[in-house]
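# Results of the structural survey
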Amino acid sequence: MERQWKPRSSPQSRSFILLFVAISYTALLPGASSQRVPTDPQAAPEYAHSIRLDGDIILGGLFPIHSRGDRGTPCGELKKEKGIHRLEAMMFAIDLINKDPELLPNITLGARILDTCSRDTYALEQSLTFVQALIERDGSDVRCANGDPPIFTKPDKIVGVIGAASSSVSIMVANILRLFKIPQISYASTAPELSDNTRYDFFSRVVPPDSYQAQTMMDIVTAMEWNYVSTLASEGNYGESGVEAFIQISRETGGVCIAQSLKIPREPRPGEFDKIIRRLLETSNARAVIMFANEDDIRRVLDAAKRNNQTGHFLWVGSDSWGSKISPVIGQEKVAEGAITILPKRASVDAFDRYFRSRSLSNNRRNVWFAEFWEENFNCKLGMHGKRPGSLKKCTGLEKVGRDSSYEQEGKVQFVMDAVYAMAHALHRMHREFCFGYPGLCPRMANSIDGKELLSHIRAVNFNGSAGTPVVFNENGDAPGRYDIFQYQITNRSIAEYRVIGSWTNKLHLKVEAMRWRTGDPTLPSSVCSVPCRAGERKKVVKGVPCCWHCERCDGYHFQASEFTCELCPYEMRPDANRTGCVPIPIIKLEWHSPWAVVPVFLSMLGIIATSFVIVTFVRYNDTPIVRASDREMSYVLLTGIFLCYAITFLMISTPDVGVCSFRRIFLGLGMCFSYAALLTKTNRIHRIFEQGKKSVTAPRFISPASQLVITFSLISVQLLGVFVWFATDPPHTVVDFGEQRTQDPMLARGVLKCDISDLSLICSLGYSILLMVTCTVYAIKTRGVPEKFNEAKPIGFTMYTTCIIWLAFIPIFFGTSQSAERMYIQTTTLTISLSLSASVSLGMLYMPKVYIILFRPDQNVPKRKRSFKAIVTAATMSGKLTQKGGDRPNGEVKTELCESMETNSENKRGKKRRKKSRKAHGDIEQVPRS
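Residues numbered from 1 in each chain as written. Predicted model: local features only at pLDDT ≥ 70, side-chain atom pairs only at ≥ 80, totals over all residues. Heavy atoms only, no water.

The name an unreviewed UniProt entry assigns to the protein chain is Glutamate metabotropic receptor 8, from the organism Cynoglossus semilaevis. Among the UniProt annotations of the protein chain, the heading Subcellular location (unreviewed entry) holds the following wording: "Cell membrane". Looking at the protein chain in UniProt, the text filed under Sequence similarities (unreviewed entry) is "Belongs to the G-protein coupled receptor 3 family." (UniProt positions renumbered as here; feature names shortened; annotations may be inferred.)

Here it is as structure tokens:
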């Protein structure tokens, strides 16, 4: 219904609409009732001026010539750059268009330019000027003093409006202009809300919307590796919608969290900006502050940061309202240093610089605010009616812009000119369509320019702007996103300036190396809630704040599988040094050079040498009485077992493989089995002889050397049978035991290469030999009463007692270290040393005395007189009486007689069978004189 309303249908309806607009858009807005400024010139004579340029077609202009006033005053200080520069840019563009014979030939553009005073409610009232020509005044009830009807001054008919700067002002004005179908082109309003073509269908802009700007700022934050920032917005459409767009993008993309989102009130109370700084410091880690604020608020925020001694703390990221302007940072260079700002991509218009530098009081009388600018710019006073109070120097009028004052082209000058040119190009297209070949305005355009027709031509323009960049509009009236990125830097010469550090055109291009920071440190400053976790640490995110986390170390055998999780390495692997992956656990074995191996090998080598020496000695003196009396055959069996006990050390230390593991199984218990089977047979024989002698003079059965060998090898075969069964049920193979040295510290973990021999299998393998050893010890105890001079029972007994002590010590050491990280070393060393010590005890107690007699006392190694078995047994039972007599005999003499008597008995029995006659089991032996 709103679009079908015709403004010219009724004067009463138009008056109602005007009244409705003026009241609704000023009184109903927040704070408007207290801020509403009367348009009566007497109420505000200083700011009731406007600029009017005559022309065939009149364009409206809205510029923030003055800042927002304080304490109810509508307008404040003059804005030299944002106001005067932009205003002059519009008039300069109109001058160029009017001089251009190709663009709108024979048509002169005029202008009606108003001051918005940077306040939306004031701008709304001022903009009613643009629609006055569309409202017919009802003068039927009004008469002059002479009775004549009144004569109304015909207002200018505005066909299009250039402006406004602030988004809040543009939104307010756009709501009025759309009612009267007046197109509007803004040069600085960037609020995303204005892209809504259903509400602001007559609004266009030559600058990109804040949705692009917010994306640019987000890309900058991401490139700087900041993930925790605060936002600060001026109350109003521009600030609030910009921050809202930034927050929305941060939610969609993730990775950036908003610490605080603060808003600057339209009418800030005293101390408001100090309070904002204190609020920002509550989240001090969020050093980056995203600012969508107007120029005045930016200046006051920087001043508050300076007052609160926060120079260098905050990392400002400013929107295009900051851009490359000088006014917000004047006097506050230190606190603004390092600020990153963005500005729609632009280039300085050199022609405007020449134009503006040539302006003076005498040649620029059309600008009603130029005198005030002159006083402000040159810090002087123009006569008695000057605007600046105080005793300032008097202006001469001969001052020159850029010579007697600093000058830098304001950043939006290009866009002001592009907006004017866009309107001119649209009018030119419209003129070609409706007035083709007609010089000047044809009646169709002279009487009325249809706003909808003009809007369609505006959206269709495509030309190179004043800076050479294309000027186009999309279906929503928005310009494409093209931005320059600046940083406010202070050089070594203490010169503060904005420097271009990058650009954004659908993608960020940032020169990080060109950035400078207050600390002088080239590294990027941080604005993060939590520092990045180190390698091997996972993030434990704080609930509700995804950018804040605690770092937890992946402990034990866990590695960092992802940013937020730790996982357990496979059993045969451990975390690498950084805990970002898994590596195989090193595999070790007992090395020959290890101290755990050197000692057993040394003992084993000594034992092998000693055993070999004894064997060689016995072989060399094989027929001597001492060797013969020692049961030669059994001695060789026993010495073989001792040799194997020493030799098993080398198999236990060798690198495990199938062959080594097979030999370990065979020889691990075989050496002990040889030794203790032989000793058991000998002790059993002695026991049976003396037990039999107590009952009769008949010799026991199976005491001959052949019988003894059969018994010994029968006992040994049981061990071999068990080994063969073990081979059949569980073939030998190697394993890598990762549990044996799986320490709490994964870096110390090792896999142990070893034969697959469990503790139970080891006990079973050695168990039989230990059983033989225990049985032998029992017999040694039983024969302990036999006199030493009659047999070897006591040396064997001492051997077995010592051996039992060794193995009793071995058991707790071997099994007590099963949980130790050094288990392999301790158990292997303990086992091999125990075997070597056992062999050494047997070798030392049983054979070293004999070797000593053989080599060093040959006089005692002589045959003795043979006696009958009965005599020997009788002598044994009367040991007490033979003590003195036996003292004169060498070691082993009685044993020699006993053994030789046994041999004689065996030979006589075999002879009796051959000769079939009975003989006694004892014979005479040659009497050898005692030495």
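Another aspect to go through is the nonpolar core. L87, M90, L109, Y187, F352 and L427 are the most contacted members of the largest nonpolar core, which has 67 residues in total. Looking at this core, the element that brings in the most residues is helix α13 (residues 413–434), giving 14 residues. Core analysis: the next-biggest nonpolar cluster, separate from the first, contains 50 residues, L670, A678, I716 and I806 among them. (Core = buried A, V, L, I, M, F, W, Y, C linked by side-chain atoms within 4.5 Å. Buried < 20%, exposed > 50% of the residue type's maximum accessible area, 1.4 Å probe, protein only. Helix = DSSP H or I, 4+ residues; strand = E, 2+ residues; numbered from the N terminus.)

Right, let's get into helix α21 (residues 759–782). Taking 1.5 Å of rise per residue, 24 residues should cover 34 Å, and α21 covers 33 Å from first to last C-alpha, within 8% of that figure. The largest bend along α21 reaches roughly 35° and is located at G767. Listed as buried for α21 are S761, L762, S765, L766, Y768, S769, L772, M773, C776, T777 and A780. (Expected span 1.5 Å × (residues − 1). Bend = angle between axes of the 7 residues up to and from the residue.)

Annotation from UniProt places "transmembrane region" (unreviewed entry) at residues 596–622, 634–653, 665–681, 702–728, 760–781, 793–815 and 835–856. Strand forms 0% of residues 596–622 and helix 93%; the C-alpha atoms that close the span are 39 Å apart. A distance of 30 Å separates the end C-alpha atoms of residues 760–781, which is 100% helix and 0% strand.

This part covers the sheet that holds strand β26 (residues 734–741). Taking strand neighbours across the sheet as the criterion, the three strands line up as β25-β27-β26 in an open arrangement whose pairing is mixed. On the outer flanks of this sheet lie β25 (587–588) and β26, each paired with one strand and no other. Against the sheet, helix α23 (residues 823–846) contacts β25, β26 and β27 (750–755), and its axis sits at roughly 115° relative to β26. (Pairing = 2+ DSSP bridges. Contact = heavy atoms within 4.5 Å. Axes fitted to C-alpha atoms, helices over the stretch in contact; angles between N-to-C directions.)

Two elements in contact, α23 and helix α24 (residues 848–856), have axes whose closest approach is 4 Å; the angle formed by their N-to-C orientations is 40°. In terms of orientation, α23 and α24 fall into the oblique class. Listed contacts from α24 to L843, G844, M845 and L846 of α23 are M848, P849 and K850. Looking at the contact of α23 with α24, its residues break down into five nonpolar, one polar and one charged. (Parallel < 35°, antiparallel > 145°, perpendicular 65-115°, else oblique. Nonpolar A, V, L, I, M, F, W, Y, C, P; charged D, E, K, R; others polar.)

So, on to a nonpolar patch on the surface. A cluster of nonpolar side chains, contributed by F613, Y852, L855 and F856, occupies part of the molecular surface with about 430 Å² of accessible area. A per-element tally of the nonpolar patch places α24 first, with three residues. Summarising the element assignment, Y852 is placed in helix α24. (Patch = residues over 30% accessible without salt bridge, like charges linked within 9 Å, V, L, I, M, F, W, Y side chains within 5 Å. Areas by Shrake-Rupley, 256 points an atom, 1.4 Å probe, with all protein chains shown as cover. Salt bridge = Lys/Arg side-chain N within 4 Å of Asp/Glu carboxyl O.)

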